[in-house]
Every structure is written in C-alpha cells, then in structure tokens.
Amino acid sequence: MTAGDWTTLLVGIAAVTVALTAIPESPHRRKILLSAGGLVVLALVIGVVSQVLPTEDKTPTASPSTPVAPPPQTPAPTTNTTPPPTPTPTTTPTARPTSTQAPLTPVPTPVGQTFHDVNSNNGQGSVIAEIRPDGGVEQPFTPTAYQVGFVGVVTSRDPSHGPAVVDPACPGTAVGAVRYAILDRSGQVLRESADLPACRDTATPWTLDPPLPVAAGERYILRVVNRTDTILSIYFNSVPGVEPYIRISGAIDDTAARGKSVSGRISG
C-alpha cells in the first residue's frame, strides 16, 4: 500500500471512532463498539499483509512459443585490404567449320584399281550385240575405290556396215564413235564424255580428268551410246560376281547378250 492508501485508511478509522462515540448509551452499544473495533483491526491486518507479501508483476512477458528476436545490429564497416585478383588473359576459341564448308575429301584408293573387268575373248564365251545409231546399253557397277578414272568398252563392227578407218586414238583402227556417261543409282548423269573414236575389237578408252569422285560400295551405271551413223557392235560376256547389263536399246538382236555383262574395264 502507498502512503495515500494509509492516510485514507486512518481517516476512515477516525471517522468511524467519532461516529461510535456519538452513539447514545443503550443495551446494544457494547456490541456495536466491539464489531466496529473488529473491522478496524481487520483493515489494519489486511494493510500490513499486503505490504509484506510481494505484489504480482503485471509487466507482460513474451509467450514462450514465440521467440523474441534481438534488435538488429548494424555491422561495423570493414575495410577490404585484399588486392583485387589479376585478370587472366582469355583465348578466343577457334571457330568450328560450319555445315556450309566443304567436307573432307576421302583419300582415294590408288589409281588403277579395277572394279569391272570382263573379257571379250570369243573362245571364252563372249558374244556381240549390234546396236543401231543412238542406241545403247547400260551396265551397272559397284566401285571399290573413291574415284573412277578410266572406262573402256570393247566395240567392233561388221565390215558390211562400213569400212574401218585409222585413228590415232585407237591402237588399231576405228569403226565409228561412242559416247560414255556415268550415272548414279537414281539415273542422274554425273559425268559424260565427248564422242570418242570406237576402236575395233579393243576397248575404246575414256580417261576421266579429273577422276570422278564416287562412294565406294555404292551402285553406279555406265551408259554406252552408239554415236555412229551406222550399226556398231558391243561385246558381252559372263563373269562370276559381275552384274549383267540392265537395259539395252536399238539392238538388232540381243538374244545372245541377255544375262551377260558388257565387255571392258572400269577402274579407279
């Protein structure tokens, strides 16, 4: 209790005492005085006890389930004494070739490797087919090299269709003219020769300069066309492992040549 509370209590007791003394004499006056005295004593006891006992702390406390975060502290500024790292020189990477750049050319198989070789020896089963002007034959072949550098097909002509003539392009005589062409498997012409002297009973040579790049193992077609104004003969024969011709045009009679291959040589 505070000093003000004690003052109020004492003033109240004095007022009660004055009031009690003013009570006239009566049979109940003694009881009233005793009761009032008891109330005064009780009030004094309560005041003393409240002074001795600790008072309840009314200061609100934080809930144990909710931790109270400490107030934020502003860190003291620090001074970085470490020198900055020295930049490392970078090297610009070399650009890779794009798809627009030409692919690497495979190393060709040595020139001269032969991948079509069919003889024209009459004693070994060779036959001829007579071809009219602008007629011809198509012979498939599969190179084992990465280029074609030489083509030669054996031709001839019956003397009744015209005389042979001397031509420096042939080892003997020429009997007309032929034109070669190499096609891919879809029939597209990859390389075509000019009209060449058709050599009698021997291969009419065509040297490809530069050689024609091809894919080893892929199927190609050699086309031979009669560019003479009269009938020209082409030799055929059968050789194991060599595919027979696939098309003939302008033939007078191709019965004997059916199932056979064009006689001649194709090499890298």
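Before reading further, recall that the structure is shown in the block above.
Since we're looking at a predicted model, the values are computed, not measured.

Peer 1: For unusual backbone geometry, give the residues involved together with the corresponding values.
Peer 2: Most peptide bonds adopt trans geometry, and most residues besides glycine take a negative phi value. Backbone torsion omega between aspartate 209 and proline 210 reads 0°, so that peptide bond is classified as cis. Inspection of the secondary structure puts proline 210 in strand β8 (residues 202–213). One non-glycine residue, aspartate 201, lies in the positive phi region at around 55°. Mapping aspartate 201 onto the fold places it in the loop between β7 (196–199) and β8.

Peer 1: With reference to specific residues and values, describe the nonpolar core.
Peer 2: Core analysis: the largest hydrophobic core is formed by 31 residues, its most contacted members being Val148, Val151, Tyr180, Ile182, Leu222 and Phe236. Broken down by secondary-structure element, the contributors of at least two residues to this core are β2 (127–141), β3 (147–156), β5 (173–183), β7, β8, β9 (220–226), β10 (232–237) and β11 (247–251). Contact partners of isoleucine 182, with chain neighbours within four places excluded, come to Phe141, Val148, Val151, Gln188, Val189, Leu190, Arg191, Trp206, Leu208, Leu212, Ile221 and Leu222.

Peer 1: Let's hear about the pattern of salt bridges: which residues, and what values?
Peer 2: Any two side chains of opposite charge can pair, given that their charged atoms come close. Scanning all chains against the criterion turns up nine salt bridges. When the shortest N-O distance is used, the salt bridge between arginine 179 and aspartate 195 registers 2.8 Å. Highlighted residues: arginine 179 in strand β5 and aspartate 195 in the loop between β6 (189–192) and β7, separated in sequence by 16 residues. Between glutamate 218 and arginine 185 there is a salt bridge, with its nearest N and O atoms 3.4 Å apart. Here arginine 185 lies in the loop between β5 and β6 and glutamate 218 lies in the loop between β8 and β9, a separation of 33 residues in the sequence. With relative accessibility at 34%, the residue glutamate 218 sits in the partly exposed group. Here arginine 185 falls in the exposed class, since its relative accessible area comes to 62%. Overlapping salt bridges, with partners in common, bring together Asp134, Arg179, Asp195 and Arg227 in one network.

Here is what the cut-offs are and how they apply
Residues numbered from 1 in each chain as written. Predicted model: local features only at pLDDT ≥ 70, side-chain atom pairs only at ≥ 80, totals over all residues. Heavy atoms only, no water. Helix = DSSP H or I, 4+ residues; strand = E, 2+ residues; numbered from the N terminus. Core = buried A, V, L, I, M, F, W, Y, C linked by side-chain atoms within 4.5 Å. Buried < 20%, exposed > 50% of the residue type's maximum accessible area, 1.4 Å probe, protein only. Contact = heavy atoms within 4.5 Å. Salt bridge = Lys/Arg side-chain N within 4 Å of Asp/Glu carboxyl O.

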